[in-house]
Amino acid sequence: MGLLSSVFKKNVSEAPQKPAAPAKAADVVQKVETTNKEVKPVVDKISVGYTHLSGCTGCTVALADNYGGLLTLLDRYVDLKYHLTLADVRHIQKVDVAIVEGSVCIQDKLAVEEIKETREKAAIVVALGGCACYGNITRFSRGGQQNQPAHESYLPIGDLIKVDVYIPGCAPTPQMIRNVCVMAYLLLKGTKEQKELATKFLTPLMNMAAKGTSACFCELMTEVINQGLCMGCGSCAAACPVRAITMEFGKPNGERDLCIKCGACYSQCPRGFFNTDVVSEYEAINEAIMAALQ
Amino acid sequence: MGAELGKYKQVVAARSADKEILKGAQDGGIVTSLFAYALDEGIIDGAIVAGSYEDDPNVESTASQNHHWRPKPVVVTTKAELLAARGTKYNISPNVSLIKEATRSYGLDKVGIVGTPCQMQAIRKGQLYPFGWRDVESSIALAVGIFCMENFPYQSILQLVEDHAAMKLESVKKMEIGKGKFWVYGKRGQVVQLPLKVTHKYEQPGCHVCMDYVANLADISTGSVGSPDGWSTVFVRSKIGDSVWAKAMAAGVFETQPIEKVKPGLELVSKLANEKITKNRNTLEARKTFGVGKGLRNPFI
Ligand code: SF4
Ligand code: SF4
Ligand code: SF4
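Calculation notes
Residues numbered from 1 in each chain as written. Chains lettered and ligands numbered in written order. Predicted model: local features only at pLDDT ≥ 70, side-chain atom pairs only at ≥ 80, totals over all residues. Heavy atoms only, no water. Pairing = 2+ DSSP bridges. Helix = DSSP H or I, 4+ residues; strand = E, 2+ residues; numbered from the N terminus. Axes fitted to C-alpha atoms, helices over the stretch in contact; angles between N-to-C directions. Contact = heavy atoms within 4.5 Å. Salt bridge = Lys/Arg side-chain N within 4 Å of Asp/Glu carboxyl O. Buried < 20%, exposed > 50% of the residue type's maximum accessible area, 1.4 Å probe, protein only. Domains from an automatic or database assignment. Buried area = accessible area lost by both parts, 1.4 Å probe. Polar contact = N/O pair within 3.5 Å; in protein donor to acceptor, adjacent residues only side chain to side chain. Nonpolar A, V, L, I, M, F, W, Y, C, P; charged D, E, K, R; others polar.

J.: Can you explain the sheet that holds strand β8 (residues 191-195) of chain B? Please cite residues and give values.
T.: Residue and element names in this part refer to chain B. Spatially, β6-β7-β8 is the arrangement adopted by the three strands of the open sheet, whose pairing is antiparallel. In this open sheet, the two strands that pair with only one neighbour each are β6 (172-178) and β8. Neighbour-to-neighbour, the strand axes of this sheet turn through a mean angle of 15°, independent of strand direction. Direction of pairing for strand β7 (residues 181-186) relative to β8: antiparallel, over a ladder of five bridges. The residue bridging W183 from the neighbouring strand is Q193, located in β8. Against the sheet, helix α5 (residues 154-164) makes contact with β6, β7 and β8, and its axis sits at roughly 110° relative to β6, the strand it touches most.

Next comes the structure, spelled out in structure tokens:
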């Protein structure tokens, strides 16, 4: 919790405070809307940048797959300052939130400069997708590909800079990206209660960023089954994009050669993290997010 | 009675009004009737339930590992398929593993799912944090939770039935936990009861940190505890649950009685829920200092 709020205080102008009211997720939307009516919309948006490194653009496509929701996001909440494909501007600028897709090739000078500049110019850095978080499929690179055969070492961005929030998965889902965007907005521009909710929602994603830069099926063994926590729900198997996981006699069985190291399984696992107070409010939070994007 | 029962809009004792369903039902036939009704009305276009490996021709049956009573999550889209998958199997059916597949290979837009309280937690986490569950969140149309004290791995059931109760799994007609015993009913009429104490060491370890007895996060949750034989206790919890339950009641799918009027009633549900939560909270506490200066991980943050 300390992480984002301290960053917030340093780098982002303080949002107008609304009178205190009970912190109910259902109220959140109402407040979002009031806020919008009272202040000039553009001023109230958060500024977001999108740094595109060694990723397949699948994360961008997932973001775009919010369709109308993406337009609402851009309309009301997000001022997209730079993006390789979705904006006219590519050079990195000062923003509230920088989203990074892809890992960093350390033999590519430009990529290394860009990731450092991204960190220096952003209050919050979000690693979007398996490659930025964990290296994902780019971990398997040994170079030799045309037309840059010497580009062989790809690192998750957290190996070079400090990252605040992770969104694992390959590709991350449109819904997850949407939820994080709305929560990031509430964190930076919301009322006290909205900030509390957003902080609670984002905390597990911050913990993941703090935990490290490697992921694979193995976490289900080391962090769940080995810890006596697996209850055989099958969330992990449903999350795996490459069907590397099957459920055998109530426990996940990993075809480890298939695993691309995206981190979806362990992050999806309810025994990976389960923030009871947030998830118990699922109805109100879902409604709030949907209403925010109406 | 408070937090241990979760949030709910109403709680009743209920049973199916469908004689055919009731005949083969473990208790009040709530899950089968709800899904059958929801399928009929187009509230869901398929449901993930615990089917069986027994009917699966792809699974080889061998003498040592015969797969009788081994649950297999299946997607059903008709009442006949639903009826074929009935019966509590008392070992883990990873129903959530099909949650994305149901919307893909099966092409369902409105998915029903039945599961344990922990599976309801998985579903709700997946709706708020869909890391790998693309387009799943809004397709979950009805999540029905089953009361759950603990669960067993398949091999534990094998051990209990074949070793302790000295019956072949294939000759078992029905299993049941109730009145402090684990009951095994044979197809030829024999009944073996094991004290619950015997079963404890075979429980799934992951159940020992579980803090939910009555599926707090389901749309509707149900179980036999609290209601008389042949009836089930039903909690209606969410807006979705409320609307589906109201429609089903209006259509005469269920017979109900006020929970206050039945024996043993909500007190027993509450008592068991508290017992489970207290026991498992202690386990979580003990895990913190499991080693010397080192503990085990706590997933609940
Ligand atoms: S998601 Fe976690 S708890 Fe569920 S089956 Fe997989 S490893 Fe076990
Ligand atoms: S097992 Fe699947 S979900 Fe897990 S990290 Fe590997 S590829 Fe990703
Ligand atoms: S006791 Fe808890 S963890 Fe175990 S199966 Fe039941 S709901 Fe799941």
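J.: Could you give an account of the pattern of salt bridges, with specific residues and numbers?
T.: Considering all chains together, one arrives at 21 salt bridges over all chains under this definition. For A:E117, the salt bridge is made with A:K121, and the minimal N-O distance between the two is 2.8 Å. With A:E117 and A:K121 both in helix α6 (residues 109-121) and four residues apart, the pair spans about one turn of that helix. Across the pair B:K79 and B:E20 runs a salt bridge whose closest N-O atoms are separated by 3.9 Å. Of this pair, B:K79 sits in helix α3 (residues 79-84) while B:E20 sits in helix α1 (residues 19-23); the two residues are 59 residues apart in sequence, bridging distant segments of the chain. According to the relative accessible area criterion, B:E20 is partly exposed, its value standing at 47%. Taken together, the shared-partner salt bridges in this structure form one network comprising A:D65, B:R134 and B:D135.

J.: Lay out the domain arrangement of chain B with the relevant residues and their values.
T.: All names here are of chain B. Split by domain assignment, chain B resolves into domain 1 (9-151 + 213-288) and domain 2 (155-202). The partner domain 2 presents 12 residues to the 10 residues of domain 1 that form the contact. In total, domain 1 and domain 2 occlude about 1,100 Å² of area from one another, counting both sides; carbon and sulfur atoms represent 51% of this. The largest contributions to the domain 1 side of the interface with domain 2 come from Q26, W69 and Y90, which together make up 51% of the buried area. For the pair domain 1 and domain 2, the interface holds three residue pairs in polar contact (both at pLDDT 80 or more). Each residue belonging to the side of domain 1 that touches domain 2 can be placed in one class, and the counts come to two nonpolar, five polar and three charged.

J.: Account for unusual backbone geometry, naming residues and giving values.
T.: Cis geometry marks the peptide bond from A:Q146 to A:N147, where omega comes out at -5°. Cis peptide bonds are those with omega within 30 degrees of zero, and the linkage from A:C170 to A:A171 qualifies with -15°. One can find A:A171 in the loop between β7 (165-167) and α8 (174-189). One non-glycine residue with positive phi stands out, namely B:W69, at about 70°. Turning to its location among the elements, B:W69 is positioned in the loop between β2 (46-52) and β3 (71-76). A positive phi angle, close to 50°, is found at B:A166, a residue other than glycine. Within the secondary structure, B:A166 is located in the loop between α5 and β6. Overall, B:A166 belongs to the exposed group, its relative accessible area being 62%.

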